[in-house]
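Analysis of the macromolecular model
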Amino acid sequence: MSRGPYQSYFDTLKRKSTQQSNSEHQPVKIGQADSSNFNNQAVDILQEISNKLDRLGKTGHNPKVPDVVDTPRTEGTIDLAIINGKVVLPDVGVIETNIYIRDGVVCSLGTHPPADVKEVIDASNRYVMPGIIDPHVHLGLFAPLKTELETETKAALFGGVTTIGCYFGGPESHFKVFPSIMEDIQSYSHTDVIPHLVIGSDEQKSEIVDYTKHFGITSFKIYMNGIPGLIPDVDDAFILDVMDEMKRSGKECILCSHTENRYLVRRAFEKIKREKGDSADIRDWTDTHPDIAEEEAVIRLAYLAENAKVPIYMVHISSKAAIDRLRQIKPYNRYVNVETTSPYLSITRDSSMGNTIKMEPPFRDDKDLEALWEGVEDGLVDTIGTDNVTLTRAEKNIDASIWDTIPGYSALETHL
Ligand SMILES: [Zn+2]
């Protein structure tokens, strides 16, 4: 029979008790209420408890659960009770319990129904989970921001996403555009929004400290590989400058990064375009962004972060090569955080969706998808976003050649 964690706890107690008894050299008479006898009784009780708890452990119950639930602080009126659901508790697991809500806030979990409940929702056979955060979203690229804040965040709620991390770019100083973006968010968004600012120009770089002061923003983004025609790529000197400015702000900033080596992407891109021309398809597109480009950039950025002592957040990691490399780096580099996306966990280049799935970085192969899932399961991957870009099929230009199709897709509503 295997020995669970409580059994070893019991062993420790028993050893201590035995040592104590021996050291006293006193004969213990049965029924006599001396301290040694008390210890033995306590050990017997603990043994029984430990056996029970270990059995619970084997049936999949998490021993942490009793600490979390069944502490109903439900005096007074409860506005809403969600009962009989399979409740997903982060860091605990899935448990069947009731949720009690007062004044819009979860005030208690537990199986003892309170006396006074205004509204009850029966969630039998359903999962109940906290609002999902999608940390990686782009809005307002092909339609006005106001419009997409209205439509896309509503779609997000239908899919269980209640908070989005949204990237705002453009060539100008963020002081020129961001104040009106904040107004639009307040007026039109149905979800909470965490804004991240793209830093692509010297002017934006020089204003980082002021962005933290005036907007309270501490999350910035660079594109190591840029997006041709849209977002400039940046070199290592620029990245170190940005990291220095983030430190100079005195705030706890984090640098998000599209992490690909621009030279290796360009080399592969030119080669495939030359060889395949207009006959290139979505499978060839993957070869224009080889995994070596992501792997190299991951290594380099992790090194720069470690050197500058600035936390980094590598968005949309897509390849097994990068995951394998991060598995070596991350235990020794506390500045590295890793994101992948729900589409990268679901789709490969062998999908039948053709140009619809043109993306940067591209969709890859089964081995990459498997490695990403392993990273999620063992905690190497910290977060999962979508990299949502809302655009119609016409805007994406999917009937054109792979070279003229626009990268990106909308995935916010289907994230979960
Ligand atoms: Zn993105």
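Residues numbered from 1 in each chain as written. Predicted model: local features only at pLDDT ≥ 70, side-chain atom pairs only at ≥ 80, totals over all residues. Heavy atoms only, no water.

Let us now look at the overall build of the protein chain. Scanning the protein chain from N- to C-terminus turns up 14 helices and 14 strands. Put simply, the protein chain has 416 residues, and 46% of those count as buried. In the protein chain, 72% of the contacts between residues at least 6 apart in sequence involve partners at least 24 apart. Accessible surface for the protein chain amounts to roughly 21900 Å². Of this, 53% is attributable to carbon and sulfur atoms. (Helix = DSSP H or I, 4+ residues; strand = E, 2+ residues; numbered from the N terminus. Buried < 20%, exposed > 50% of the residue type's maximum accessible area, 1.4 Å probe, protein only. Contact = heavy atoms within 4.5 Å. Areas by Shrake-Rupley, 256 points an atom, 1.4 Å probe, with all protein chains shown as cover.)

To continue, consider the side chain of Ser342. With respect to the element layout, Ser342 can be found in the loop between β12 (336-341) and α13 (366-378). Taking relative accessible area as the criterion, Ser342 reaches 12% and is therefore assigned buried. Here His415 takes part through its side chain, which lies 2.8 Å from a polar atom of the side chain of Ser342. Look past the residues within four positions of Ser342 in its chain and what remains in contact with it is Ile384, Gly385, Thr386 and His415. (Polar contact = N/O pair within 3.5 Å; in protein donor to acceptor, adjacent residues only side chain to side chain.)

Take a nonpolar patch on the surface next. Residues Val94, Tyr127, Met129 and Leu416 make up a contiguous nonpolar surface patch of roughly 430 Å² in combined accessible area. On the basis of relative accessibility, which here comes to 53%, the residue Tyr127 falls in the exposed class. (Patch = residues over 30% accessible without salt bridge, like charges linked within 9 Å, V, L, I, M, F, W, Y side chains within 5 Å. Salt bridge = Lys/Arg side-chain N within 4 Å of Asp/Glu carboxyl O.)

All right, on to helix α8 (residues 236-248) then. Between its terminal C-alpha atoms α8 stretches 18 Å, which fits the 18 Å expected from 13 residues at 1.5 Å a residue. Every buried residue of α8 is accounted for by Phe238, Ile239, Val242, Met243, Glu245 and Met246. Viewed end-on, α8 has its buried residues packed into an arc of 160°, placing them on one side of the element. For α8, the elements touching its buried residues are α6 (202-206), α7 (208-215), β9 (219-223), β10 (254-258), α11 (291-308) and β11 (312-314). (Expected span 1.5 Å × (residues − 1). Arc of directions from axis to C-beta.)

Quick look at the pairing of strand β6 (residues 132-138) now. The buried count for β6 comes to six of seven residues, which makes it a mostly enclosed element. With four bridges joining them, β6 and strand β7 (residues 161-168) adopt parallel strand pairing. Looking at the pairing, Val137 lines up with Cys166 of β7. Remark: the β6/helix α4 (residues 145-158)/β7 crossover connection has right-handed handedness. Relative to strand β14 (residues 388-389), β6 is paired through two bridges, and the arrangement is parallel. In the sheet register, Val137 faces β14, and the bridge partner there is Asn388. (Pairing = 2+ DSSP bridges. Right-handed = clockwise from strand over helix to strand, strands pointing away.)

Turning our attention to the coordination of the zinc ion. Protein ligation of the zinc ion involves His136 (NE2), His138 (NE2) and Asp387 (OD), the donor distances falling in the range 2.0 to 2.1 Å. Here the donor residues of the zinc ion are spaced in sequence according to H-x1-H-x248-D. One exposure class covers both His136 and His138, and it is buried. (Donors = N, O, S within 2.8 Å, 3.2 Å for Na, K, Ca; no water.)

The next thing to look at is the sheet that holds β12. The nine strands are arranged β13-β12-β11-β10-β9-β8-β7-β6-β14 in an open sheet whose pairing can be described as parallel. Each of the sheet's edge strands pairs with one partner strand only, and the pair in question is β13 (383-385) and β14. For β11 and β12, the ladder comprises three bridges, and the chain directions are parallel. Of the residues in β12, the one forming a bridge with Ile312 is Val336. Set on the sheet, α8 makes contact with β9, β10 and β11; between it and β10 the angle comes to about 155°. Across the face of the sheet, α11 comes into contact with β10, β11 and β12 while running at roughly 165° to β11. (Axes fitted to C-alpha atoms, helices over the stretch in contact; angles between N-to-C directions.)

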